[in-house]
Every structure is written in C-alpha cells, then in structure tokens.
Number of protein chains: 2
Amino acid sequence: MGNNVYIYDSTLRDGAQAEGISFSVEDKIKIVKALDELGVSYIEAGNPGSNPKDLEFFDRVQTLTLKHAKLTAFGSTRRRDIAPEDDANVKSLLLARTPVVAIFGKSWDFHVTDIIHTSLEENLKMIEETIQFFKSHNKEVVFDAEHFFDGYKANPDYALKSLQAAVDGGADSLVLCDTNGGCMPGDMEEITKVVMSEFQQDIGIHCHNDGGMAVANSIISVIAGVKQVQGTYIGFGERCGNANLTTIIANLQIKNDYTCIPDENLELLTSTARQVAEIANVPLDDKEPYVGRAAFTHKGGMHIDGVNKSSKSFEHIDPERVGNERRFLMSEVAGRSTILKKIQKVAPHVQKDSQETIQIMDRLKELEHEGYQFEGAESTFELIIRKNLGKYKPFFELENFKIIGEKPNLDEEFSAYAMVKVKVDGNVKMTAAEGDGPVNALDKALREALEMFYPELAAVHLTDYKVRVLDTKEATAAKVRVLITSTDGKDQWSTVGVSTDIIDASLIALIDAIEVKLIRELEKKIKAFI
Amino acid sequence: MGNNVYIYDSTLRDGAQAEGISFSVEDKIKIVKALDELGVSYIEAGNPGSNPKDLEFFDRVQTLTLKHAKLTAFGSTRRRDIAPEDDANVKSLLLARTPVVAIFGKSWDFHVTDIIHTSLEENLKMIEETIQFFKSHNKEVVFDAEHFFDGYKANPDYALKSLQAAVDGGADSLVLCDTNGGCMPGDMEEITKVVMSEFQQDIGIHCHNDGGMAVANSIISVIAGVKQVQGTYIGFGERCGNANLTTIIANLQIKNDYTCIPDENLELLTSTARQVAEIANVPLDDKEPYVGRAAFTHKGGMHIDGVNKSSKSFEHIDPERVGNERRFLMSEVAGRSTILKKIQKVAPHVQKDSQETIQIMDRLKELEHEGYQFEGAESTFELIIRKNLGKYKPFFELENFKIIGEKPNLDEEFSAYAMVKVKVDGNVKMTAAEGDGPVNALDKALREALEMFYPELAAVHLTDYKVRVLDTKEATAAKVRVLITSTDGKDQWSTVGVSTDIIDASLIALIDAIEVKLIRELEKKIKAFI
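Named according to an unreviewed UniProt entry, chain A is Citramalate synthase originating from Vallitalea pronyensis. Per UniProt, chain A carries the Pathway (unreviewed entry) text "Amino-acid biosynthesis; L-isoleucine biosynthesis; 2-oxobutanoate from pyruvate: step 1/3." Looking at chain A in UniProt, the text filed under Sequence similarities (unreviewed entry) is "Belongs to the alpha-IPM synthase/homocitrate synthase family."

See the structure below:
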C-alpha cells in the first residue's frame with residue numbers, strides 16, 4: 001500500500017454544529033468506540049470552552065482504551081490582550097486531558113480586523129503564544145488556520161504569516177481550512193502547493209461543502225502532498241456540511257493507493273456510517289457514495305442485465321469491499337428477470353414466461369401504484385408471492401377491531417385503547433389493551449389475542465417503526481406508508497402497509513410481520529417432521 | 001460574462017432511474033416548464049423505446065412553447081446486425097418528434113464483447129449508422145459515449161474510435177460519460193484534454209456521483225474546454241445519482257465566470273430545486289449546496305455573531321444570489337442574541353438580560369429536549385413567546401374529544417370518526433365528523449365546531465402534513481413530531497406538535513395553527529380600530 005494519510009474525524013465537534021444534530025454523552029462514547037474500531041487517527045471530540053457539557057464527556061472517555069485514535073480537544077487561540085494562562089477557554093482545554101489539542105486561529109486579515117477587532121500583529125501573537133502554552137504542557141498541537149484559502153486570496157503574505165506564527169509556537173501540524181466552503185479545485189490545488197513548498201511541518205486540509213467540492217478538494221490536496229484530512233464521518237456539519245470522510249477514505253484507499261485505515265477495516269465503512277447515522281438519529285442519504293443504501297442499487301433493466309453478466313459493467317467497485325451490498329429494484333423500467341429471481345426464492349419452479357410470473361408482476365405494479373415500495377420490505381413481498389401462488393393460508397382472521405382515543409377533559413392526558421377479536425380454527429378470542437397511542441394499543445391487543453394460539457409469538461417485538469407521508473399535498477387525508485421491522489431475538493424481518501389511515505397501514509404491516517413469523521415456525525416444524 | 005456552457009438536464013430520463021422516483025405525465029410537463037423557465041439549454045425528457053408511457057408525454061409536450069430549452073428524446077444505437085430503420089427502438093425516437101435526439105453507444109471494448117456480445121467493428125457501425133439515420137431525418141444528434149472514461153483506461157484507441165464513428169455519422173456533439181461514476185479528477189482532466197485536442201466538435205460531459213466527484217469532475221471538464229454539461233437538476237439518478245446541476249450552474253456562473261442560464265434567473269435556482277423535489281415527492285437534502293434549507297443556516301454562536309457583523313465572514317456567497325435565505329438556529333451552541341431577535345419581533349421592549357428572555361430560553365430548551373424543533377415551525381415558536389410574555393389568551397377551550405376507528409367485520413373498510421366539544425366564551429359546541437383516518441376526522445370536527453364562532457376559519461386549510469418518528473428504537477411507542485403547514489389562501493404558516501401519540505401530536509399542531517390565524521385576524525381588527 002502507498003503513503004499513509006491521517007484521518008481526523010470531527011463528527012463530535014464540527015458535526016454537532018449541524019442543524020438537527022445533538023449528541024448526548026452516551027452517544028459520543030458510542031461514536032468514539034465505532035470510529036476507533038474503524039481505525040481513524042484522530043477524534044476531535046468537543047470544545048470544552050464553548051460547551052461545558054463536553055467536560056463531562058471528556059471525564060468519562062478517559063476510561064476507554066483506544067486502539068487507533070488520539071482524542072483531541074478543540075478550542076480557540078487566547079483572546080486578545082490576555083495571557084493564555086489567564087484565558088478561561090484556553091485553560092478549559094487542559095481539563096479535557098487529551099493527548100492532542102487543536103487550536104484554531106485567524107488567517108484572513110479581514111476576520112482579524114473586522115470580526116474579532118484586533119491588530120494583525122496581536123493576532124499572530126495570539127496564535128504563537130497559545131500554541132506555545134500547550135506545547136509547554138506536552139500536548140501534540142494541531143493548528144487550524146481558519147479561512148486559510150479566503151485569507152490567502154485576500155492577503156497571501158498575511159495568511160502565510162499566520163502559519164509561521166503557529167510554527168514559531170511549536171505546532172505539530174498546520175491545517176488549511178476552507179471554512180466557508182466555497183473554494184474551487186483549481187485554487188485549492190494551487191494554494192496548497194504554495195504552502196507545501198514553504199513549510200516542512202505536516203500539512204492538513206479541512207474542507208466544507210458549500211460548493212459541493214469538499215471531497216474533491218480534500219483528494220486534490222492529498223495528491224498535492226497533504227498528510228492529514230479533517231472531516232466528519234458522514235459529512236455532518238454547519239450549513240452544507242464538512243468533507244465526508246467515508247467517501248474520502250474509500251476514494252483514497254481504493255482508487256488512489258493511500259492508506260487511511262487498516263485495509264481489512266474498509267469493509268466496516270458502511271456499517272459504521274449506518275451506526276453513526278442511527279446514533280445521530282438522522283437518516284443516511286440513500287445516494288451516499290459507497291455507503292448509501294442505493295449506492296449499488298440497480299433499477300434500469302439494461303443495468304440489471306449488465307450487472308448480472310459482470311458487476312464491473314455498472315459498478316465502479318465491488319460493494320463488498322466497503323461492506324455494502326448490491327440490490328435490484330422492481331419498477332416500470334426493471335426487467336422481468338429481477339422479479340423472477342425473487343419469485344424463484346419462494347417457488348423455484350416458476351419460469352420467466354409462466355402465467356404466475358405475469359400475474360405477480362401485475363399485482364406488484366398495482367401495489368406500487370397504490371404507494372407500496374418493497375425495497376426494504378422483503379417479507380411483505382414474499383407474502384404477496386405466496387398469496388399469488390396459492391402457497392398461503394391465513395393463520396388467523398381479524399374478525400374486527402376498534403380503537404378509541406380520548407381526552408376526557410382539559411387536564412387529563414390523551415389515552416388510547418384498542419379492542420381486537422381474532423378467530424383461529426373456529427375459536428374466537430377477544431382482547432383489549434391500553435397503549436401509548438392507538439397503534440401501540442392495537443399492537444398489544446393483537447399480540448395478546450394471538451399468543452393464546454401461537455405461544456411462539458411471545459418472543460416477537462418491533463425494533464423499528466417508520467412512517468412516510470406519501471402525498472403531503474393532500475395534508476391530513478394523504479396516504480401513509482408504514483414500514484416496520486420485527487425481531488424474535490434472532491432473525492429480523494421487515495413488512496410494509498399503505499393506507500390513507502396510519503392505523504390501517506400499521507395494522508397491515510403488523511399482520512404481515514406476525515404471519516411471516518408463523519410461516520417460519522411452520523417451515524421448521526415441517527423440516528423436523530420430514 | 002464569460003463563455004457559454006450548455007446545460008443539459010436529464011431529470012426526466014436518467015433522474016427517473018433513481019430508487020423511489022417515478023414521474024407521471026403531468027409531473028413531467030410541470031418539470032419541463034420549470035426548467036425552461038430557469039433557462040437550461042436541453043431537456044432530455046424520456047426514452048420512448050424502453051418506456052412506452054413516454055410517448056404519451058411527448059405527444060402532450062408538443063403543445064408547449066419553450067423559451068430556452070430544446071426537448072430531447074434519448075435512446076440506444078440500433079441493435080447489432082439490423083438496419084436502423086428496422087429497429088423498433090430507433091424508430092420510436094422519431095415518434096417523439098423532438099428537435100434533438102441523444103443516442104448512447106458503447107465506448108468500452110469490454111461492454112461490446114462481454115455485455116452486448118458483438119464485434120468491435122459492428123459496434124462502431126451501430127454508432128455511425130444510427131446517427132446517420134437521425135441526421136437524415138434532420139435531427140440535432142448528441143452522441144453519449146457510454147463508459148467513455150473506463151473505456152479509455154482499458155483501450156484508449158478503441159474509445160476514441162467510438163467517438164470518430166459518431167463524428168463520421170454526423171453527430172453534433174460528443175458527450176463523454178463516466179457511467180459508473182468512479183472516475184477521479186486527475187484522470188477526468190487528463191482524458192478530457194486528450195479528447196479536446198483530437199476533435200473539433202462540441203464536447204459534453206456526463207458524470208455520476210459514485211465517488212462523490214460528479215460536480216467536481218464536471219467543473220474540471222468545463223475548465224478543460226467542455227461546452228455541454230449533462231446532469232439532473234438536484235442530482236437524482238441511478239445509484240449515487242447524476243451530477244447535480246444546481247451546484248454546477250451556481251459554481252460555474254458565480255465562481256468561474258461562465259454563463260449557463262440567463263444571469264437574472266440565478267435567483268430561481270432554489271425555488272426550482274424545491275419545486276422539482278416537491279413534484280418528485282422527495283425531500284430536498286437540507287445540506288444541498290446553494291439551494292438546501294441549511295445552506296446558509298448558522299447554528300454556532302461564533303458563526304452567528306460573525307455573520308451579523310459581515311455576511312462574508314461565514315458565507316461563501318450572498319444567499320439571495322441563488323434565491324435562498326439566511327437562517328439562524330437556536331440550540332445549546334447558539335448565542336442568546338439569536339433568540340432575542342426572534343423574541344423582539346413579538347415584544348420589541350424585551351432586552352438580552354431581562355427575566356423574560358431567560359425564561360423563554362429555558363422553556364425552549366425544555367421543549368427541544370422533548371423533541372420539538374422550531375426550525376420551520378415559526379408560528380408555534382411565536383405562540384410560545386406570547387404565552388411566556390402573557391401576550392396570549394386562548395380563543396377556545398377543547399373541552400374534550402374522542403376518536404374512534406373501527407373495522408366492524410372482515411369485509412368492511414376501516415373507518416374513523418371524531419367527536420369534539422369546544423367552549424368559546426362560555427358557549428359550548430359539540431360536533432362529530434368522519435374522515436380518512438382519525439387525524440383527518442379530528443381536523444374536520446374541530447374546524448366545524450370553531451367556525452360557528454370564528455367564520456374566518458372557513459378559509460383555512462392544511463397544505464402540508466409531515467410525520468417524523470423521533471426514536472425509532474422504541475417502535476410503536478416512539479415519539480412522533482408532526483409538522484403542519486396551513487394557509488388561508490393568502491398567507492402560509494407552520495406549526496409543530498410532539499407526543500408519543502400521533503393524534504395528540506397532530507392536535508397540538510392543529511390548535512396552534514388555528515390560534516395563529518385568529519391572532520392575525522385580531523391584530524387586523526385592532527389596527528382598523530386604531
């Protein structure tokens with residue numbers, strides 16, 4: 001493998017500056033573990049000066065033993081006209097007890113004079129003395145030259161002087177920041193090369209994505225000689241986000257022969273991305289390069305056909321390399337062969353031109369038209385195939401149900417109940433349950449009724465419940481699609497329901513989820529019997 | 001302004017290859033109008049050969065008079081060993097009656113031999129003869145050299161021959177496609193320059209985003225001399241999507257002095273993006289460069305402070321240039337001054353350190369902790385401020401309500417009803433309504449009851465209703481956040497509610513929406529009286 005590049009992750013600091021992102025201490029600990037497991041070199045985990053909650057995290061994180069990453073605390077240079085040791089923010093960085101400290105300072109003369117209102121000379125002293133202070137406390141010091149590219153364009157001499165001040169203070173690395181994220185690749189390459197030729201220290205790059213260039217600019221800088229790449233793991237960050245490290249790691253390591261993380265860990269790239277998204281409670285963009293759910297998904301018939309012949313025909317890399325997987329979708333433009341493959345999983349004998357295939361395809365199109373999507377709801381898809389092939393017999397009938405929600409007077413909480421009547425082999429059972437909302441009540445009542453007949457359902461519970469409003473233009477009368485994931489503690493399966501009513505849609509998905517479990521149990525019994 | 005670049009939009013063709021994207025004929029007409037209004041040069045609107053539904057669209061679109069764009073139909077070269085005039089797909093392109101036809105053909109020798117199974121020589125004939133056929137029908141012909149970059153890397157001589165075949169057939173422009181989307185900027189620049197030096201025709205570029213490089217690669221190609229940029233308007237497309245034209249247009253026109261669309265139309269960039277997303281029923285990524293909701297959003301206190309002093313301190317361009325707007329968020333890291341500005345809109349006398357400000361901030365933090373987000377729900381935010389300042393008096397009391405949903409037997413549809421009892425100035429009104437689901441029923445019943453007292457509510461209706469499950473890990477008992485947008489035909493306002501129950505959350509947002517309307521009406525009356 002080629003040269004090493006140090007990956008510097010700021011998901012927990014710059015990433016937390018993004019709209020809608022807020023991490024608890026527990027969340028941060030989980031993300032530190034995941035990123036260390038993956039093998040990044042630095043984890044910038046907080047700004048104790050501006051966010052006192054971060055100190056609680058730094059206390060807790062001391063108990064972890066990290067394999068790859070050095071924890072980093074982030075903060076500003078000292079304020080003007082004050083000694084570093086008298087600046088509360090500077091001192092708070094020591095309380096974090098991290099081996100590395102990242103200090104940002106101003107490189108753009110306009111920011112010095114017009115935003116922080118000090119002299120150009122004093123700003124250079126602020127940089128040098130703050131870094132000196134941390135070096136005297138035996139820290140590794142990363143200097144983040146804020147607005148370096150805008151600064152260089154406005155006053156190249158002063159921008160370079162700000163780096164020299166950091167060097168004079170003893171900085172271990174100099175990081176060029178495109179803080180406003182608007183730099184274009186040509187300028188990026190040219191300015192990076194100037195810096196490379198003037199300084200012997202390790203140079204780093206920190207890009208934002210306001211021009212959609214953060215990943216490209218980072219790669220271009222590395223090729224120009226930069227050793228450290230700062231970003232956030234799946235691109236969280238203020239405004240349009242920071243440079244997306246998943247894409248950068250994959251591009252550098254797979255396409256450009258650099259080493260960012262241990263090579264065997266590349267296959268953790270996707271699961272780590274999903275984990276970070278899950279912890280942040282933000283959906284990972286399906287289209288995310290390398291790690292997105294759709295990154296290796298094929299919809300067009302010709303593409304599906306090509307990939308079936310040779311994956312490189314429409315895939316730039318093997319999805320398994322980054323721990324992702326290939327998916328084929330069904331749609332107007334998908335070929336019949338894709339659907340056939342799925343049908344054959346249930347009924348191996350069915351052929352491409354057989355009547356069953358045509359019928360199932362018609363039914364799928366009908367359901368898609370109603371708002372169904374089977375991507376991610378394989379179990380409902382399986383049931384539809386079974387129903388069309390006659391390989392299905394209902395395990396129970398839901399004779400009727402009723403939900404009631406009420407707020408009996410101003411001061412009382414809203415409460416919800418459900419009543420359910422099911423029939424199994426002629427035996428009727430009626431139950432009622434109270435829940436957090438009508439769907440939860442219905443779920444409880446239905447399970448309670450069915451467990452009488454099928455005790456194996458006791459282990460089944462939901463792990464995920466998602467609602468998507470399909471046509472928001474019709475407001476409260478719009479259709480909703482409910483996607484649920486169930487588990488019995490061992491397997492996981494997903495089902496989907498669509499209706500104008502969220503309760504009805506949920507119930508459709510719930511019933512499918514229960515039936516799939518019962519089919520699996522029956523299959524096991526049949527196998528044991530044969 | 002500098003050189004012209006032709007923007008070639010394939011939202012309706014390549015964009016429709018994306019997971020979850022499906023356009024009706026009506027949708028397509030709307031998008032054609034919006035893109036033409038914006039000023040793109042080409043609109044690739046369908047593939048009549050592979051999708052017969054597209055012909056219905058091409059028939060209808062003939063009635064439009066376009067100002068800027070040339071409509072383009074897309075299809076493949078003829079199949080092997082058959083004349084173009086005998087190939088049904090080729091002929092179907094003529095039925096589209098567009099001035100421009102885009103023909104894709106193979107440039108990668110591996111695809112010729114291993115995917116479409118023909119000889120290298122026959123493939124060149126397929127390209128040349130198909131283009132010749134359309135030139136003889138007086139079409140402008142764009143040749144899309146599929147997999148050009150992968151092809152060039154594998155066999156440069158053959159890749160260039162495929163372009164020469166297109167030239168021999170009379171192609172008007174040659175488009176280099178990075179079909180698999182994995183090309184890195186260095187290769188992109190180098191290979192594009194080779195083509196530029198060998199051919200006199202207009203050269204175009206067509207990038208996919210599998211390496212996160214589609215925008216950068218497109219810009220780099222234009223700087224290398226390419227005249228036509230293909231992409232999709234907000235980056236829809238197979239796998240990781242196509243090159244995002246919003247970012248490309250803004251970068252080229254604002255940062256690199258090229259002309260892509262009439263300069264005065266740049267400010268339509270954001271609204272067009274939102275319109276396309278709305279029609280496609282896909283949420284526009286908040287972080288989208290230039291046009292995303294968060295593209296000029298500031299959360300960190302220091303950034304907000306900087307932007308208040310001078311916008312260029314943390315913004316690469318003025319948001320108004322592309323029709324977007326600046327937003328300041330409230331959060332742990334936001335300064336008090338941001339919130340103060342919002343409070344002062346309601347109560348101009350309140351100061352930064354006054355007791356009211358501190359109280360409101362505490363309340364906001366509490367609500368944020370419960371799952372509220374006021375970004376996009378300004379009206380609920382206003383009500384909270386009013387309630388804390390004592391500038392609020394309820395217009396009605398919801399004495400009680402009840403919702404019932406039931407499926408009385410197997411064959412009947414699920415139906416939902418709501419009963420509502422409201423009290424206004426001591427007068428009680430009770431109503432009931434049936435709806436598509438309990439939320440819709442509740443909405444109807446509540447409005448009906450209140451219109452008795454406030455006839456101005458008759459004009460109010462919902463235009464948008466969104467549900468977000470906040471903590472999916474707890475499945476059906478998770479919290480939901482409901483965001484609704486209301487209109488009275490003139491103004492629009494948004495409100496938000498959070499609860500473990502979707503009905504309760506909806507009701508909170510509905511009541512806020514009604515109260516805001518009543519406050520506005522009261523304000524009008526007071527003004528008229530003074």
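A. Fine view of the overall build of chain A. Along the backbone of chain A there are 17 helices and 16 strands. Dimensions of chain A along its principal axes, counting C-alpha atoms only, are 90 × 65 × 50 Å. Here chain A, with 530 residues, has 61% of them falling under the buried criterion. Long-range contacts, defined here as pairs at least 24 residues apart, represent 65% of the contacts in chain A between residues at least 6 apart.

B. Region of the structure containing the sheet that holds strand β16 (residues 492-499) of chain B. Residues and elements named next belong to chain B. Overall, antiparallel pairing links the three strands, which are arranged β14-β15-β16 in an open sheet. Each of the sheet's edge strands pairs with one partner strand only, and the pair in question is β14 (461-469) and β16. Neighbour to neighbour, the strand axes of the sheet diverge by 15° on average, direction disregarded.

C. Local environment of the environment of Ser-415 of chain B. Residues and elements named next belong to chain B. With respect to the helices, strands and loops of the structure, Ser-415 is situated in strand β12 (residues 415-424). Take Ser-415: its relative accessible area is 15%, and that puts it in the buried class. It is 34 Å that separates the C-alpha atoms of Ser-415 and Glu-378, two residues lying 37 residues apart in sequence. If we skip the residues at most four places from it in the chain, Ser-415 touches Ile-404, Gly-405, Glu-406 and Glu-434. Within the local environment of Ser-415, its side chain forms a polar contact with the side chain of Tyr-417, the two groups lying 3.1 Å apart.

D. A look at the sheet that holds strand β14 (residues 461-469) of chain A. All names here are of chain A. Taking strand neighbours across the sheet as the criterion, the three strands line up as β14-β15-β16 in an open arrangement whose pairing is antiparallel. Looking at the sheet topology across the chains shown, the edges are occupied by β14 and β16 (492-499). Averaged over all neighbouring strand pairs, the angle between strand axes comes to 15°, with direction disregarded. Direction of pairing for β14 relative to strand β15 (residues 480-487): antiparallel, over a ladder of eight bridges. Bridged to Arg-468 within β15 is Arg-481. In the packing of helix α17 (residues 502-529) onto the sheet, the strands contacted are β14, β15 and β16, and the crossing angle to β16 comes to about 150°.

E. A look at the packing of aromatic side chains. With the rule as written, the count across this model stands at 18 aromatic pairs over all chains. With centroids separated by 5.0 Å and ring planes inclined at 55°, the aromatic side chains of Trp-108 of chain B and Phe-110 of chain B adopt a geometry described as tilted. One exposure class covers both Trp-108 of chain B and Phe-110 of chain B, and it is buried. The rings of Phe-148, Phe-149 and Tyr-152 of chain A are connected pair by pair, giving a single aromatic cluster. Lying across the ring of Phe-57 of chain A, Lys-28 of chain A places its NZ or CZ 4.9 Å from the centre.

F. Inspection of the environment of Trp-108 of chain A at higher detail. Counting through the fold element by element, Trp-108 of chain A comes out in the loop between β4 (100-106) and α4 (109-115). For the pair Trp-108 of chain A and Glu-413 of chain A, spaced 305 residues apart in sequence, the C-alpha separation works out to 56 Å.

G. Spotlight on the interface of chain B and chain A. At the interface, 118 residues of chain B touch 118 residues of chain A. Together, the buried faces of chain B and chain A total about 9,300 Å²; carbon and sulfur atoms form 54% of this surface. One can count six salt bridges joining chain B with chain A. Residue Glu-406 of chain A pairs with Lys-402 of chain B through a salt bridge whose shortest N-O separation is 3.7 Å.

H. Summary view of the relation of the copies chain B and chain A. When chain B is fitted to chain A, the residual RMSD is 0.2 Å, and the transformation amounts to a turn of 180° plus an axial shift of 0.1 Å. Here the symmetry operator amounts to a two-fold rotation axis. Considering only C-alpha atoms, the residue of chain B closest to the rotation axis is Ile-404 of chain B, which sits at 2.4 Å. When the interface residues of chain B are mapped onto chain A, 100% of them are again interface residues, pointing to one common binding face.

I. Structural context of the layout of surface pockets. Estimated volume of the second largest pocket: approximately 990 Å³. What lines the second largest pocket is a set of 35 residues, and nearest its centre among them are Lys-407 of chain A together with Tyr-372, Asp-504, Ile-508 and Ile-511 of chain B. Taken together, the elements giving at least two residues each to the lining of the second largest pocket come down to β12 (415-424) of chain A together with α14 (355-370), α15 (378-389), β11 (397-407), β16 and α17 (502-529) of chain B. Of the residues forming the lining of the second largest pocket, the biggest block, six residues, is contributed by α17 of chain B.

J. Geometry of a nonpolar patch on the surface. Side chains of Leu-522, Ile-526 and Ile-530 of chain A sit close together on the surface and give an oily, nonpolar patch of about 330 Å² of accessible area. One can find Ile-526 of chain A in helix α17.

So, how was this worked out
- Residues numbered from 1 in each chain as written.
- Chains lettered and ligands numbered in written order.
- Predicted model: local features only at pLDDT ≥ 70, side-chain atom pairs only at ≥ 80, totals over all residues.
- Heavy atoms only, no water.
- UniProt positions renumbered as here; feature names shortened; annotations may be inferred.
- Helix = DSSP H or I, 4+ residues; strand = E, 2+ residues; numbered from the N terminus.
- Buried < 20%, exposed > 50% of the residue type's maximum accessible area, 1.4 Å probe, protein only.
- Contact = heavy atoms within 4.5 Å.
- Pairing = 2+ DSSP bridges.
- Axes fitted to C-alpha atoms, helices over the stretch in contact; angles between N-to-C directions.
- Polar contact = N/O pair within 3.5 Å; in protein donor to acceptor, adjacent residues only side chain to side chain.
- Phe/Tyr/Trp six-rings, centres within 6.5 Å; stacked < 30°, edge-to-face > 60°.
- Lys NZ or Arg CZ within 6 Å of the ring centre and 35° of its normal.
- Buried area = accessible area lost by both parts, 1.4 Å probe.
- Salt bridge = Lys/Arg side-chain N within 4 Å of Asp/Glu carboxyl O.
- Least-squares fit on C-alpha atoms with pLDDT ≥ 70 in both.
- 1 Å grid on protein atoms, 1.4 Å probe; cavity = no way out; pocket = protein on both sides within 12 Å on 5 of 7 lines; lining within 4 Å.
- Points joined across faces, edges and corners; volume = space filled by probe spheres on them.
- Patch = residues over 30% accessible without salt bridge, like charges linked within 9 Å, V, L, I, M, F, W, Y side chains within 5 Å.
- Areas by Shrake-Rupley, 256 points an atom, 1.4 Å probe, with all protein chains shown as cover.

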